[in-house]
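Each chain, written out:
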Amino acid sequence: MRLLIIGPQGAGKGTQADRLAAWIGVPHISTGDLFRANISGGTELGKRVQQYLDSGALVPDEVTQDMLVDRFGQSDAAAGFLLDGFPRNLGQAEWLEGELDSEGTPIDVVVLLNAPDEVLMERMLSRGRPDDTPEAIARRLEIYHTETTPLIEYYGAKVVAVDGVGEIDEVQARIRTAIDERVAEHGNA
Ligand code: AMP
């Protein structure tokens, strides 16, 4: 099964995606986590992308896409994955569709996780990530609204919207129920 999780920063995507991926039995692939691991590991890729992460700007598509092609090629991703942080705009979504269609393995479900702005801000300020400066937070939020939200329409009927407000377990249960219902209706598994 191939899934995406989309939502504004602070909606709890990373935490929920970890649990959801374990439940489904697929790897959780987070482009932000992959970049951060490269930065802390001091790799060439890490050096190339650090400035973008620091400012909250998007890393150039080619760099991100090359990294994903590598990741998709690892054996644990053969049967599926849960992608978190990608695509972030229509161009990336179209690229992804092309990649997956050529393999005959389209995205099955898109989980849209959302929460009101005050909850998002409170969670972001408490997670303490090095790229959570006020400027980077504002930049990412702006990009989310202008570039990422059009993906909701792009994925249309594949989207299941889940309320991200509540305890971690409660939100996770909502996501699983929504996916079960969607699979029962459309038979995507
Ligand atoms: P995230 O952990 O998803 O908040 O991502 C942190 C940062 O990684 C972003 O602010 C971007 O600089 C970079 N990044 C993550 N995913 C992408 C993507 N799909 N395209 C471009 N840059 C990305």
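Up top you'll find the structure we're talking about.
All of these numbers come straight from a predicted model, not from anything done at the bench. (Residues numbered from 1 in each chain as written. Predicted model: local features only at pLDDT ≥ 70, side-chain atom pairs only at ≥ 80, totals over all residues. Heavy atoms only, no water.)

Asks: Got a sec to walk through the layout of surface pockets? Specific residues and values, please.
Replies: Empty space among the atoms can be located by rolling a probe the size of a water molecule over them. Looking at the largest pocket, its volume works out to about 1100 Å³. In terms of residue count, the dominant contributor to the lining of the largest pocket is helix H2 (residues 31-40) (five residues). The class makeup of the residues in the lining of the largest pocket is 16 nonpolar, 19 polar and 10 charged. Considering the residues around the second largest pocket, the lining is formed by Arg2, Val69, Phe72, Gly73, Ala77, Ala78, Phe81, Glu99, Leu100, Glu103 and Thr105. Within the residue set of the lining of the second largest pocket, elements represented by two or more residues are helix H4 (61-72) and helix H5 (90-103). Among the residues forming the lining of the second largest pocket, the class breakdown is six nonpolar, two polar and three charged. (1 Å grid on protein atoms, 1.4 Å probe; cavity = no way out; pocket = protein on both sides within 12 Å on 5 of 7 lines; lining within 4 Å. Points joined across faces, edges and corners; volume = space filled by probe spheres on them. Helix = DSSP H or I, 4+ residues; strand = E, 2+ residues; numbered from the N terminus. Nonpolar A, V, L, I, M, F, W, Y, C, P; charged D, E, K, R; others polar.)

Asks: Any details on the site of the ligand? Residues and values, ideally.
Replies: Around the ligand, 18 residues are found, and the nearest of them are Thr31, Arg36, Ala57, Gly85 and Arg88. Separating a nitrogen atom of the ligand from a backbone N or O atom of valine 59 is a distance of 3.0 Å. For the ligand, the accessible surface in isolation is 480 Å², of which the surrounding protein chains cover 96%. According to the grid-proximity analysis, the pocket containing the ligand is the largest pocket. Elements supplying a minimum of two residues to the shell around the ligand: H2 and helix H3 (44-55). With four residues, the single largest contributor to the shell around the ligand is H2. Grouping the constituent residues of the shell around the ligand by class yields seven nonpolar, six polar and five charged. (Near = heavy atom within 4 Å. Polar contact = N/O pair within 3.5 Å; in protein donor to acceptor, adjacent residues only side chain to side chain. Areas by Shrake-Rupley, 256 points an atom, 1.4 Å probe, with all protein chains shown as cover. Sits in = over half its atoms within 2 Å of the grid points.)

Nothing here speaks to function; it is geometry throughout.
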